[in-house]
Amino acid sequence: MKRKIKVGNLFIGGGARVSVQSMTNTPTSDSEKTLKQVLELEKAGCDIVRIAVSNDEEAEACKNIIGKTKVALVADIQFDYRMAVKCADIGFDKIRFNPGNIGDESKVKEVVAACKRNRVPIRVGVNGGSLDKNVAAYASGAEALAQSALIHAAILEKYGFYDTVLSVKSSDVRTMVEAYEILDARCDYPLHLGVTESGTKIRGVIKSSIGIGSLLLKGIGDTVRVSLTGDPLREVEAARLILSALNLNGDCVEIVSCPTCSRCNYDMEPIVDELEKKLYGLKKKLKIAVMGCVVNGPGEAADADIALCGGKNGKAALYLKGKVLKTVPVSDAVSEILALAEKMS
Ligand code: SF4
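All values reported here derive from a predicted model rather than from experimental measurement.

Once that is clear, we can look at the domain arrangement of the protein chain. Per the domain assignment, the segments of the protein chain are domain 1 (5-245) and domain 2 (253-343). The gap between the C-alpha centroids of domain 1 and domain 2 is 38 Å.

This is the structure:
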């Protein structure tokens, strides 16, 4: 079991549910735009939102965001230790900061003191471009990533700081998986999973699903970020779907649908698309099956809370908890399913 770390109003590790993270891509100095994006991410089901903070102007702007959202806010600090101190003091819930990047340990000591007095944890995040230079001289790949993260964590330990979350991201899925496996075996810090620079919505989602999913299946990982080029809302959707596919998301509607074939009796794809859009925000653990015909339909319906099974002449059978409820016109299928989903607890 990993160490349990409090981040805002939630926990990472120690058996807590796996949380979903993303990062804003609006200019941090524009607090209005950034707050709007944070609130959109919150509505989409994001638990933790990271904001890059590089200077005083950006830190000041964040004062207009802190306290206006339920998500936990993380300040992403690159090299300026003063920003880490300031962000811990102004109310950020977590700092992403690599102590080994600073060089001067007296500055690390100041960051640790600020995090301790504000009870703010730190995420040490190593990727292929930020390996510890000493480690890079004798190790490579997954081993170098894992050792670099542990060296950063050890610097914090020297000052009695253990509220640390680790990440070892790589754009190479096999390297990333191996690095997390090494870390999992060597420490009890909770792990933030991610494939870095994974790409756009199809390639990135595939790489992240394989990397993050294979680790979660082994019980490794406490919080996840699907990194995608573009709109961060897509990251949250992808992460929630990964968790849902692994039955790790307790409040997500799962929609299963057959691939369709020549036996399909109606235009199924628009129905599934509309259900996915309309049910995305519904925080209920429900399984909904949409099936094209009576070949596999009744079997899948038996295992679903709500199911639609294509019949003939523009009609389909609507199932509730495995039993036929009624026959409905296909044109009414979406509204009938939505009404049932709303009513179910
Ligand atoms: S459920 Fe029916 S329509 Fe869908 S793939 Fe199977 S046989 Fe084809």
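Bringing the site of the ligand into the picture now. Taken together, Cys258, Pro259, Thr260, Cys261, Arg263, Cys264, Met291, Gly292, Cys293, Val295, Asn296 and Gly297 make up the full set of residues adjacent to the ligand. Counted by class, the shell around the ligand contains 7 nonpolar, 4 polar and 1 charged residues.

The element strand 4 (residues 48-52) is extensively covered by neighbouring structure, given that 4 of its 5 residues are classed as buried. Relative to strand 4, strand 3 (residues 19-23) runs parallel, the two being bridged by 3 bridges. Bridge pairing links serine 22 to valine 49 in strand 4. With respect to chirality, the unit in which strand 3 leads through helix 1 (residues 31-43) into the neighbouring parallel strand 4 is right-handed. Between the parallel elements strand 4 and strand 5 (residues 72-76), the chain passes through helix 2 (residues 56-62) in a crossover that is right-handed.

In space, the 8 strands of this open sheet follow the order 8-7-6-5-4-3-10-9, with parallel pairing throughout. Edge positions in the open sheet fall to strand 8 (164-169) and strand 9 (192-193), since each of these has one partner strand only. Sheet topology note: the strand 9/strand 10 (residues 223-225) ladder contains 2 bridges and is parallel. Across the sheet, leucine 193 pairs through a bridge with valine 224, a residue of strand 10. Lying on the sheet, helix 6 (residues 141-158) is in contact with strand 7 (122-127) and strand 8; it crosses strand 7 at an angle near 150°.

Quick look at the sheet that holds strand 14 (residues 315-320) now. The strand order 11-12-13-14-15 describes an open sheet built from 5 strands, whose pairing is mixed. What marks the edges here is a single partner per strand, and that holds for strand 11 (253-257) and strand 15 (323-329). The average undirected angle you get between the axes of adjacent strands in this sheet is 20°. The sheet contact formed by strand 14 and strand 15 spans 6 bridges and is antiparallel. Within strand 15, the position partnered with alanine 317 by the bridge is threonine 327. Packed onto the sheet, helix 12 (residues 333-343) meets strand 11, strand 12 (286-291), strand 13 (306-310), strand 14 and strand 15 and runs at close to 165° relative to strand 13.

Bringing the packing of helix 10 (residues 268-279) against helix 12 into the picture now. In the contact formed by helix 10 and helix 12, the axes pass within 10 Å of each other and the chain directions differ by 30°. Taken together, the axes of helix 10 and helix 12 lie roughly parallel to each other. When the axes of helix 10 and helix 12 are compared, the crossing they make is right-handed. Residues Ile271, Glu274, Leu275, Lys278 and Leu279 of helix 10 lie in contact with helix 12, whose contacting residues are Ala333, Val334, Ile337, Leu338 and Ala341. Taken together, the residues that form the contact of helix 10 with helix 12 break down as 8 nonpolar, no polar and 2 charged.

For arginine 119, which is not glycine, the phi dihedral falls at a positive 55°. Even without glycine at this site, lysine 321 takes up a positive phi of about 50°. In this structure, lysine 321 sits in the loop between strand 14 and strand 15.

So, about the environment of alanine 185. By the element assignment, alanine 185 lies in helix 7 (residues 173-186). Expressed as a C-alpha distance, the spacing of alanine 185 and serine 208, which sit 23 residues apart in the sequence, is 22 Å.

Basis of the calculations
- Residue indices begin from 1 for each chain and proceed along its sequence in written order.
- Thresholds applied to this predicted model are a pLDDT of at least 70 for local features of residues and 80 or more for the giving and counting of side-chain atom pairs; totals over whole chains, interfaces and linings are not thresholded and use all residues.
- Residue ranges for the domains trace back to a domain assignment, done automatically or taken from a database.
- Being near a molecule or strand means, for a residue, that its C-beta atom, positioned from the backbone, comes within 6 Å of it.
- Any residue outside Ala, Val, Leu, Ile, Met, Phe, Trp, Tyr, Cys, Pro, Asp, Glu, Lys and Arg is labelled polar, Gly included; the first ten of those are nonpolar and the last four are charged.
- Three exposure classes are used, all based on how many other C-beta atoms lie within 10 Å of a residue's own C-beta (placed from the backbone): buried at 20 or more, exposed at 12 or fewer, and partly exposed between those limits.
- A run of DSSP states H or I qualifies as a helix once it reaches four residues; a run of E qualifies as a strand once it reaches two. Both are numbered from the N-terminal end.
- Whether two strands pair comes down to DSSP finding at least two bridges between them.
- With the strands pointing away from the viewer, any crossover whose connection runs clockwise from the first strand over the helix to the second is right-handed.
- Distance between backbone-placed C-beta atoms decides contact: two residues are in contact if it is within 7 Å.
- To get an axis, a line is fitted to the C-alpha atoms, and for a helix only the part in contact is used. The angle between two axes follows their N-to-C directions and goes from 0 to 180 degrees.
- Note that the term roughly parallel is reserved for angles under 35 degrees, roughly antiparallel for angles over 145, roughly perpendicular for angles of 65 to 115, and oblique for everything else.
- Working rule for handedness: look at the near helix, and if it is turned counterclockwise from the far one by less than a right angle, call the crossing left-handed; if clockwise, right-handed.

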